[in-house]
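# Survey of secondary and tertiary structure
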Amino acid sequence: MPLLYNSVSQSNGKEARVMWSYDGMSLAEAWVSADEIAEADERFMRAALDQAHLAAREGEVPIGAVVVCQGQVIAEARNHREADADPSAHAEFSAIMQASRELERWRLPDCTVYVTLEPCIMCAGLMHQARIGRCVYGAPDAKAGALGSLYSIHSDARLNHTFDVTSGVLSRECAAVLSEFFEARRGSKE
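The paragraphs below set out a description of the structure included in this document. Note that residues are indexed from 1 along each chain, following the sequence as it is written. Under the rules for a predicted model, residues below a pLDDT of 70 receive no local features and side-chain atom pairs below 80 are neither given nor counted, while totals for whole chains, interfaces and linings still include all residues. Remark: hydrogens and water are excluded; side-chain values derive from all non-hydrogen atoms of the structure.

## Focus: the overall build of the protein chain
Selection rule: Note on conventions: DSSP H or I runs of at least 4 residues are helices, E runs of at least 2 residues are strands, and numbering of each starts at the N terminus. Using a 1.4 Å probe on the protein chains alone, a residue whose accessible area is under 20% of its type maximum counts as buried, one over 50% counts as exposed, and one in between counts as partly exposed. We call two residues in contact when some of their heavy atoms are within 4.5 Å. Per-residue accessibility takes into account occlusion by the displayed protein chains alone, with areas from the Shrake-Rupley method and a 1.4 Å probe.
Broken down by element type, the protein chain carries 6 helices and 8 strands. Burial statistics for the protein chain: of 190 residues in total, 39% are counted as buried. Across the protein chain, every contact between residues at least 6 apart in sequence was considered, and the portion connecting residues at least 24 apart equals 53%. Looking at the protein chain as shown, the accessible area adds up to about 11,200 Å², and 51% of this sits on carbon and sulfur atoms.

## Quick word on the pattern of salt bridges
For the record, the criterion: Between Lys or Arg on one side and Asp or Glu on the other, a salt bridge is scored when a side-chain nitrogen of the former is within 4 Å of a carboxyl oxygen of the latter.
Applying the stated criterion to the full structure yields 4 salt bridges. Between Arg78 and Glu58 there is a salt bridge, with its nearest N and O atoms 3.1 Å apart. One end of the pair, Arg78, is in strand S5 (residues 72-78); the other, Glu58, is in the loop between helix H2 (34-57) and strand S4 (64-69), with 20 residues separating them in the sequence. By relative accessible area, Arg78 is classed as partly exposed at 23%. Notably, a salt bridge pairs Arg158 with Asp156, separated by 2.6 Å at the nearest N-O pair. Of the residues examined, Arg158 reaches a relative accessible area of 75% and is grouped as exposed. Asp156 gets classed as buried once you look at its relative accessible area, which sits at 18%.

## Concerning the nonpolar core
This is how it is decided: Joining through side-chain atoms within 4.5 Å is the link that ties buried Ala, Val, Leu, Ile, Met, Phe, Trp, Tyr and Cys residues into a set, and such a set is a nonpolar core.
Judged by nonpolar contacts, the single largest core of 47 residues is most densely connected at Met45, Val67, Ile96, Met127 and Leu147. Those elements that provide at least two residues to this core are H2, S4, S5, helix H4 (91-103), strand S6 (111-117), helix H5 (121-129), strand S7 (134-139) and helix H6 (171-189). The element contributing the most residues to this core is H2, with 7 residues. Non-local contacts of Leu147, meaning those with residues more than four positions away in its chain, are made with Glu118, Pro119, Ala124, Met127, Cys135, Tyr137, Ile153, His154, Phe163 and Val165.

## So, H4
To keep it simple, the criterion reads: Expected span of a helix: the number of residues minus one, times 1.5 Å.
The end-to-end C-alpha distance of H4 is 18 Å, a good match for the 18 Å that 13 residues give at a rise of 1.5 Å each. Taken together, the buried positions of H4 are occupied by Ala91, Glu92, Phe93, Ser94, Ala95, Ile96, Ala99 and Ser100. Looking at the residues trailing H4, positive phi occurs at Glu104, about 55 degrees.

## Let's talk about the sheet that holds S7
Two pairing modes exist for strands in a sheet, parallel and antiparallel, and in both the strands are linked by backbone hydrogen bonds. Worth spelling out the cut-off: Two strands are counted as paired when DSSP detects at least two bridges linking them. What counts as an axis is a line fitted to C-alpha atoms, over the stretch in contact for a helix, and the angles between N-to-C directions run from 0 to 180 degrees.
Strand order in the open sheet formed by 5 strands is S5-S4-S6-S7-S8, and the pairing between neighbours is mixed. Whereas interior strands pair on both sides, the edge strands pair on one side only; in this sheet they are S5 and strand S8 (164-167). Neighbour to neighbour, the strand axes of the sheet diverge by 15 degrees on average, direction disregarded. Examined bridge by bridge, S7 and S8 share 4 bridges and lie parallel to one another. Note that in S8 the partner of Tyr137 across the bridge is Ser167. This element, H2, spans S4, S5, S6, S7 and S8 of the sheet and lies at about 55 degrees to S6.

So, in structure tokens, the structure goes:
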């Protein structure tokens, strides 16, 4: 969780100035309303959904992700496990790796990951290792979810890093993409 702190600087040893900061920003810069956060979350989740739709067209399980830093999408990815024959090629895993390369650092505390399906334990573990600041996901994953459904990697006090999670953003749309994909697959096998 980002910290709110103050720093005191003295000028000529007489005056003290207090500067409040939230993750390096002034309070005025950091203050946004709940409505603005919800609006941004939906906008970025739609970008993740766009990636999920691309994955479906490619025959991949339709999960998409974007990584946002300072209000800008810096990485986007979709599942490509089938194409790459790679069990780690999950959308959010690939997006985090891309974000690290883009920012040229492995610590991403100022980044938010948006993903259409609740991350699995592997991807939640990578978020922990990358020191992600926040994850926003759409549909819960009752079979493999590691950010609340089966595990709570993000809030496990035994770990050296915790991060914020917002769940259920555009959950119906995110779940529908998956349902439609698997229904079409089952229909083609009959």
